[in-house]
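Below are the chains, spelled out letter by letter.
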Amino acid sequence: MGHSAAVWDYRAATEISKDWNGIDKVVLRNPRGASASVSLHGGQVTSWRNEQGEELLFTSSKAIFKPPKAVRGGIPICFPQFGNCGSLEQHGFARNKIWTIDENPPPLSPNDSHGKSFIDLLLKPSEEDLKCWPYSFEFRLRVSLAADGSLTQISRVRNVNGKPFSFSFAYHTYLLVSDISEVRIEGLETLDYLDNICQKERFTEQGDAITFESEVDRVYLSTPNVVAVLDHERKRTYVIRKEGLPDVVVWNPWEKKSKSMVDFGDDEYKQMLCVDGAAIEKPVTLKPGEEWTGRQELSVVPSTFCSEHFDLQSKGF
């Protein structure tokens, strides 16, 4: 605290320690006191706090933090499959694997490192992975925390295989909200979506904004690159900006489904909402040597600022 950005040592603001399972985790900090934690189990962001120290991501009180079980909360990475739309385990294997720290990643643009604390992680397939998904890849993930507290994830998947492969992908982002019945999403109006509750049937969104009064499990298609989640009670808005991710998943399990999940509290659906930048409807196909990049940035603004001054579509990257 008290440092100006000019003398802030961003490398010193990246701290590596062990969690209670002995797995490395990385804590990123910024000069104003915001922080983010990233576990090498799944390359998963497990915490994102603002400069007041308030947690912004939901994690279930019943989450299981023991590999290879995926952790219920934070931002799991769904790769190379989202949901059950393929032959792999639910949401693919990336979120269950131990990633490594990438000491020498290929360069990103200066904007993706200047003035940010960040960590670069790497996942390559194990022999076991190749048996169930026989394609060689390098998955590089940068997680960064900016001076304004915004959290960015940049995924780069390269095909190092001799043949093309296709995958689906999502940043499965569990936002912490005050009361799901007081939350609305703006930016997805009039769009088509696939409804997972109705066997992926296609519908068109009718409302002015999306609000919640029952279970929702949808994939919105051809979405804008900026979506806002307004939390009326906390008077704050999560802004999600994305690139390379045409779809947006919106999920809340509501009461009945919550009771069926062993790693989720019966009433916890009231405090969470998943809104994911994703590529699902049209899987990404990479030829040998090709690379795909998918980027998501999360920030928080006061809701009054958002509704009065924030033009969703003009605030791109």
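Residues numbered from 1 in each chain as written. Predicted model: local features only at pLDDT ≥ 70, side-chain atom pairs only at ≥ 80, totals over all residues. Heavy atoms only, no water.

(A) Focus on the overall build of the protein chain. A count of helical and extended segments in the protein chain gives three helices and 20 strands. At 19 Å, the protein chain has a C-alpha radius of gyration in line with the 20 Å of a compact globule built from 317 residues. With the C-alpha coordinates of the protein chain rotated into their principal frame, the extents come out at 50 × 45 × 40 Å. Within the protein chain, the fraction of its 317 residues that count as buried is 55%. Total accessible area on the protein chain is roughly 14200 Å²; 48% of this is exposed by carbon and sulfur atoms. (Helix = DSSP H or I, 4+ residues; strand = E, 2+ residues; numbered from the N terminus. Rg over C-alpha atoms; globule rule 2.2 N^0.38 Å. Buried < 20%, exposed > 50% of the residue type's maximum accessible area, 1.4 Å probe, protein only. Areas by Shrake-Rupley, 256 points an atom, 1.4 Å probe, with all protein chains shown as cover.)

(B) Geometry of the sheet that holds strand β4 (residues 44-49). Taken together, the four strands give an open sheet; going across it, the order is β1-β2-β3-β4, and neighbouring strands pair in antiparallel fashion. The open sheet has two free edges, formed respectively by β1 (14-18) and β4, since each of these has just one partner strand. Recorded for the sheet is a direction-independent mean angle of 20 degrees between the axes of neighbouring strands. Here β1 runs beside strand β2 (residues 24-29); their pairing, made up of five bridges, is antiparallel. Paired with Glu-15 across the bridge in β2 is Val-27. (Pairing = 2+ DSSP bridges. Axes fitted to C-alpha atoms, helices over the stretch in contact; angles between N-to-C directions.)

(C) View of the pairing of strand β17 (residues 236-243). Along β17, seven of the eight residues are buried, which leaves the element largely enclosed by surrounding structure. Note: strand β16 (residues 226-231) against β17, six bridges, orientation antiparallel. Each bridged residue has a counterpart across the sheet, and for Val-229 the counterpart in β17 is Tyr-238. Following β16, the chain reverses through four residues before pairing antiparallel with β17; Lys-235 in that reversal takes a positive phi of roughly 55 degrees.

(D) Spotlight on unusual backbone geometry. Residue Pro-80 follows Phe-79 across a cis peptide bond; omega there is 0 degrees. Tracing the backbone through its elements, the reader meets Pro-80 in the loop between β5 (77-78) and β6 (100-101). Located in the positive-phi region is Lys-235, a residue other than glycine, with phi close to 55 degrees. A relative accessible area of 58% places Lys-235 in the exposed class. Here the phi dihedral of Trp-254 falls at roughly 60 degrees; this positive angle occurs in a residue that is not glycine. Residue position: Trp-254 is located in helix α2 (residues 254-260). Taking the relative accessible area as the measure of exposure, Trp-254 reaches 18% and is therefore buried.

(E) Summary view of the UniProt feature "binding site: substrate" (unreviewed entry) in the protein chain. As recorded in UniProt, the feature "binding site: substrate" (unreviewed entry) lies at Arg-72, Gln-90 and Arg-95. Spatial clustering of the annotated residues is evident: they stretch over 24 residues in sequence, but the largest pairwise C-alpha distance comes to 13.0 Å. Lining the largest pocket, from the set of annotated residues above, are Arg-72, Gln-90 and Arg-95. Examined against the element boundaries, Arg-72 turns out to sit in the loop between β4 and β5. Looking at Arg-72, the relative accessible area reads 18%, which means it is buried. Residues within four places of Arg-72 in sequence aside, it is in contact with Thr-59, Ser-60, Ala-63, Tyr-174, Trp-251, Met-261, Asp-263 and Phe-264. (UniProt positions renumbered as here; feature names shortened; annotations may be inferred. 1 Å grid on protein atoms, 1.4 Å probe; cavity = no way out; pocket = protein on both sides within 12 Å on 5 of 7 lines; lining within 4 Å. Contact = heavy atoms within 4.5 Å.)

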